[in-house]
Amino acid sequence: MQTSISNKWINPKQIDKKINKKAVQASFSKAAAHYDQFADLQREVGHHLMGLIGEPIIQVNTILDLGCGTGYFSALFNEVNKAAQLTCFDLSAEMLKQTTERGVTRCQCVQGDIDVLPFMTRQFDLIFSNLVLQWSEHLTNCLIQTKKALNEKGQLCFSTLLNGSLIELQQAWKTVDTNKHINHFLTQEKIQEALQLSGFNRVRITTETHVKKYTNVIEVMKALKGIGANHVHDGQKNRTMGRQLIKQLEKGYQPFIDNDGLYNLSYQVCYVIADAKS
Ligand SMILES: C[S@@+](CC[C@H](N)C(=O)[O-])C[C@H]1O[C@@H](n2cnc3c(N)ncnc32)[C@H](O)[C@@H]1O
C-alpha cells in the first residue's frame, strides 16, 4: 500500500533541533581549503556510489550534487556526462568557492541547508549526495524534499554513515569523560524507514565497513578536523587537547591498536539508490 507522503512531513517548528548549523558551516568552511588532502574516505565512498548509478549517469539532463563539498564529484559528472546541467549545493560558501575554483562547468552553485531545500518540484533527474545526509536534522523531512525535487523518473543516490561509525574514538573518550564527543548516527533500519515514509520506491541498500588507520590519536583527530567533520551536535565545547588529555585518550585507544601499532577508526557506510517513481 502506498504511504501518504503529506502525513509524514513534520512541521520543522516541532523538531527538537540539536544541530547548530552555524557551527557546522564554520567547521566545514574552515576545512575547505585543505579538505581534499584529508578526504580519502570520501573519495573511496563517492567513487563506489557513482559506480552504483549505472546507465542513468550518462542519460540524465539535470543533476543535483547535494552537499557537494569542494566539487570533486561534480567535476567527475562533468566528465562522464558532457551535457547535463549541474547544481552544486552546500551549506558552506567556502566549499562552494573551492567547487568554482576547481573549474566545474555547466554548473550553478547554490548555498543552503539540506533540511530546507530551495528547489522547484521535479527539477532534477538525478540527486547525488556523498557522505552528507548524516548532517540532516530530520532525515525523513529531508528525503521528502529530495523526492519532490526529482522528476517522476528521477533517482536518488546517496551514501551516509551508520551507527557504529567512529566507535573506537567513542570508546576511547568514554574512558576519559562522560561528555559527548561523537555525533549520533542512524541505524540502517531508521534510514530504511525514512526512505519508505518519504515515498521512495525500489530502494536498494548496501553497506560496507571502512577501517582507516593512523599512527596516533592526534592523527585520528586531525583526520576528522581536516575534512571539517569535527563539530559535535549538542556536545560540550571541544576540550583543549593538552598533553595530559592526549595521554589519557591514547590509553583509552589501546584496545583499538592493531598488531602493526596502528590506531583503527571504523566507518559504517550505507549506500542507497532509490527511484522517485511511484
Ligand atoms: C564530508 S563532506 C562531503 C563533501 C562531498 N560530497 C564529497 O564527497 O567530497 C560533507 C559536506 O556536507 C556539507 N554539509 C554539512 N551539513 C550540511 C547541510 N545542513 N546542508 C548542506 N550541506 C551540508 C558540508 O559543508 C560538506 O561540504
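Structure: see above.
1. Notes on the nonpolar core
Here's step 1: By size, the foremost hydrophobic cluster in this structure holds 45 residues, and its most contacted members are Phe77, Phe128, Leu169, Tyr253, Leu265 and Tyr267.
Here's step 2: Counting residues per element, this core draws most heavily on strand S7 (residues 263-275), at 6 residues.
Here's step 3: Excluding residues within four positions of it along the chain, Tyr253 makes contact with Glu168, Leu169, Ala172, Val217, Val220, Tyr263, Asn264 and Leu265.
Here's step 4: Counting residues in each nonpolar core, the second largest holds 37 residues, with Tyr35, Ile127, Leu133 and Ala276 among its members.

2. Some points on the packing of aromatic side chains
Here's step 1: Inspection of the entire model under this criterion finds 8 aromatic pairs.
Here's step 2: With 5.2 Å between their ring centres and 85 degrees between their planes, Phe28 and Trp135 make a pair best called edge-to-face. Taken together, the residues span a long stretch of sequence, with Phe28 in helix H2 (residues 21-31) and Trp135 in the loop between strand S4 (124-130) and helix H8 (139-149) at a distance of 107 residues.
Here's step 3: Here Phe28 falls in the buried class, since its relative accessible area comes to 15%.
Here's step 4: The class of Trp135 is buried, set by a relative accessible area of 13%.
Here's step 5: Their ring planes at 85 degrees and their centres at 5.1 Å tell us that Phe119 and Phe124 sit as a pair that is edge-to-face. Both residues of the pair, Phe119 and Phe124, count as buried.

3. Section: the pairing of strand S2 (residues 85-90)
Here's step 1: The element S2 is extensively covered by neighbouring structure, given that 5 of its 6 residues are classed as buried.
Here's step 2: Examined bridge by bridge, strand S1 (residues 62-66) and S2 share 5 bridges and lie parallel to one another. In the sheet register, Asp65 faces S2, and the bridge partner there is Cys88.
Here's step 3: Crossover connection from S1 via helix H6 (residues 72-80) to parallel S2: handedness right-handed.
Here's step 4: In terms of strand pairing, S2 meets strand S3 (residues 107-111) through 5 bridges, oriented parallel. Following the sheet pairing, Phe89 is matched in S3 by Val110.

4. Let's talk about H2
Here's step 1: Every buried residue belonging to H2 is among Lys21, Val24, Ser27, Phe28 and Ala31, and all of these are buried. For H2, the angular spread of the buried residues around the axis is 125 degrees, confining them to a single face. Among the exposed residues of H2, those pointing more than 90 degrees away from its buried face are Lys22 and Lys30.
Here's step 2: Of the surrounding secondary structure, the elements contacted by the buried residues of H2 are helix H3 (35-38), helix H7 (93-102) and helix H11 (217-227).
Here's step 3: Two or three places before Lys22, at the start of H2, stands the capping residue Asn20, its side-chain oxygen 3.1 Å from that residue's backbone nitrogen.

5. Brief notes about the layout of surface pockets
Here's step 1: Roughly 540 Å³ of volume is contained in the second largest pocket.
Here's step 2: Taken together, 22 residues form the lining of the second largest pocket, with Ser136, Glu137, His138, His184 and Leu186 sitting closest to its centre.
Here's step 3: Among the elements that line the lining of the second largest pocket, the one with the most residues is helix H10 (residues 188-197), at 4 residues.
Here's step 4: Among the residues making up the lining of the second largest pocket, the classes are represented as 9 nonpolar, 7 polar and 6 charged.

6. Observations regarding the state of the cysteines
Here's step 1: Enumeration over the complete set of coordinates arrives at 0 disulfides.
Here's step 2: In this model Cys107 remains outside any disulfide bridge; the closest cysteine sulfur is found in Cys88, 3.5 Å from its own.
Here's step 3: Here Cys270 is not disulfide-linked; the sulfur of Cys157 is the nearest cysteine sulfur, at 12 Å.

7. A word on the site of the ligand
Here's step 1: Lining the immediate surroundings of the ligand are 20 residues, of which Tyr35, Gly67, Asp90, Ile114 and Asn130 lie closest.
Here's step 2: Here Gly67 contributes a backbone N or O atom positioned 2.7 Å from a nitrogen atom of the ligand.
Here's step 3: In the environment of the ligand, a nitrogen atom lies 2.9 Å from a nitrogen or oxygen atom belonging to the backbone of Ile114.
Here's step 4: Coverage of the ligand by the protein amounts to 99% of the 590 Å² it exposes when considered alone.
Here's step 5: Here the element with the most residues in the shell around the ligand is H2; it accounts for 3 residues.
Here's step 6: Split into classes, the residues belonging to the shell around the ligand amount to 11 nonpolar, 5 polar and 4 charged.

8. Some details on the packing of helix H9 (residues 167-174) against helix H12 (residues 243-253)
Here's step 1: Between H9 and H12, the shortest axis-to-axis distance is 8 Å and the interhelical angle comes to 120 degrees. Accordingly, the angle class assigned to the pair H9 and H12 is oblique. Here H9 and H12 pass one another in a crossing that is right-handed. Contacts between H9 and H12 involve Glu168, Leu169, Ala172 and Trp173 from the first element and Leu245, Leu249, Gly252 and Tyr253 from the second.

Cut-offs used in this document
Residues numbered from 1 in each chain as written. Predicted model: local features only at pLDDT ≥ 70, side-chain atom pairs only at ≥ 80, totals over all residues. Heavy atoms only, no water. Core = buried A, V, L, I, M, F, W, Y, C linked by side-chain atoms within 4.5 Å. Buried < 20%, exposed > 50% of the residue type's maximum accessible area, 1.4 Å probe, protein only. Helix = DSSP H or I, 4+ residues; strand = E, 2+ residues; numbered from the N terminus. Contact = heavy atoms within 4.5 Å. Phe/Tyr/Trp six-rings, centres within 6.5 Å; stacked < 30°, edge-to-face > 60°. Pairing = 2+ DSSP bridges. Right-handed = clockwise from strand over helix to strand, strands pointing away. Arc of directions from axis to C-beta. Polar contact = N/O pair within 3.5 Å; in protein donor to acceptor, adjacent residues only side chain to side chain. 1 Å grid on protein atoms, 1.4 Å probe; cavity = no way out; pocket = protein on both sides within 12 Å on 5 of 7 lines; lining within 4 Å. Points joined across faces, edges and corners; volume = space filled by probe spheres on them. Nonpolar A, V, L, I, M, F, W, Y, C, P; charged D, E, K, R; others polar. Disulfide = S-S within 2.5 Å. Near = heavy atom within 4 Å. Areas by Shrake-Rupley, 256 points an atom, 1.4 Å probe, with all protein chains shown as cover. Axes fitted to C-alpha atoms, helices over the stretch in contact; angles between N-to-C directions. Parallel < 35°, antiparallel > 145°, perpendicular 65-115°, else oblique. Left-handed = near helix turned anticlockwise from the far one by under 90°.

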